[in-house]
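Survey of secondary and tertiary structure
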Amino acid sequence: HWSCRNFSIPSPWHDCFSRWNKYWMGLDGLQDGASWEGQLRHDINQYLRKSIGTSSTSLLSKEIRDRWATKDIRFLFGSGDIVHCNVGACNRRCEAMLTGKNRLQRGLNFMSYLKHLFPGSKPVWSTYNGGHSAGLAYASRHFTEWAFEDFEVVGETGGETGGEVEEPASPDGE
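Here the structure is a predicted model, which means the values were calculated and not measured.

**Looking at the pairing of strand S2 (residues 124–128)**
The side chains of a regular strand alternate, first on one face of the sheet and then on the other. Burial of S2 is extensive: 5 of the 5 residues sit out of reach of the surface. Here S2 shows a buried face lined by Val124, Ser126 and Tyr128 and a second buried face lined by Trp125 and Thr127. In terms of strand pairing, strand S1 (residues 74–78) meets S2 through 5 bridges, oriented parallel. Within the sheet, the bridge partner assigned to Leu76 lies in S2 and is Ser126.

Shown next, in the form of structure tokens:
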């Protein structure tokens, strides 16, 4: 119920002053000269240059995406993490709000975007009963299985282990 099916570049009126795809929300701004020493983007640029061997924006973006597709990454979302970010403590910057109004919506939209970006992929994700709580996430059945019991080889199986959002534990999502 909170999942995008279509993705596009924001219109000029809604592109957050061209920051919508800047690193930390996207891959722009990692190339040489995009930031100065002491900034996180500069440090990441230096790391990427050494590990990937390029500082070209298009090559960095392609290589980052190619490497992402080879990783075994799993996501846990709180089914009750539905407090609107204008009210709650999550990021309210324009770039973040383009991805969703609350953390659960942002996570589910990201799962849909990964399917869009990597056709045929099935991101592995699930929900736990609760809000934004590391303790509840770590105590969840899926975290326990993934961290301590599931030793599958990356790429042999895949797909969502979740898909249905559980009802929140309480009206305030905690």
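Moving on from the model shown.
**Let's talk about the state of the cysteines**
With the rule as written, the count across this model stands at 2 disulfides. Bridging Cys16 to Cys94, the disulfide has an S-S length of 2.0 Å. Measuring handedness by torsion sign, the sulfur bridge of Cys16 and Cys94 sits at about -75° and is left-handed. In this pair, Cys16 sits in the segment before helix H1 (40–52) while Cys94 sits in helix H3 (residues 94–97), placing the two residues 78 residues apart along the sequence.

**Structural notes on a nonpolar patch on the surface**
Together, Trp68, Ile73 and Phe110 line one region of the surface with nonpolar side chains, adding up to about 230 Å² of accessible area. Looking at where Ile73 falls in the secondary structure, it is placed in the loop between helix H2 (57–68) and S1.

**Structural notes on the packing of aromatic side chains**
Overall, the coordinates contain 7 aromatic pairs when judged by the stated rule. Here Phe75 and Phe110 contribute two aromatic rings whose centre-to-centre distance is 5.9 Å and whose plane-to-plane angle is 75°, an arrangement assigned as edge-to-face. Residue Phe75 is found in strand S1, and its partner Phe110 is found in helix H4 (residues 103–117); the two are separated by 35 residues along the sequence. Judged by its relative accessible area of 34%, Phe110 falls in the partly exposed class. Every member of this aromatic cluster is reached through a ring pair, and the members are Trp68, Phe75, Phe77, Phe110 and Trp125.

Rules used in this analysis
- Residues numbered from 1 in each chain as written.
- Predicted model: local features only at pLDDT ≥ 70, side-chain atom pairs only at ≥ 80, totals over all residues.
- Heavy atoms only, no water.
- Buried < 20%, exposed > 50% of the residue type's maximum accessible area, 1.4 Å probe, protein only.
- Helix = DSSP H or I, 4+ residues; strand = E, 2+ residues; numbered from the N terminus.
- Pairing = 2+ DSSP bridges.
- Disulfide = S-S within 2.5 Å.
- Patch = residues over 30% accessible without salt bridge, like charges linked within 9 Å, V, L, I, M, F, W, Y side chains within 5 Å.
- Areas by Shrake-Rupley, 256 points an atom, 1.4 Å probe, with all protein chains shown as cover.
- Salt bridge = Lys/Arg side-chain N within 4 Å of Asp/Glu carboxyl O.
- Phe/Tyr/Trp six-rings, centres within 6.5 Å; stacked < 30°, edge-to-face > 60°.

Distances and angles like these do not, on their own, reveal function.
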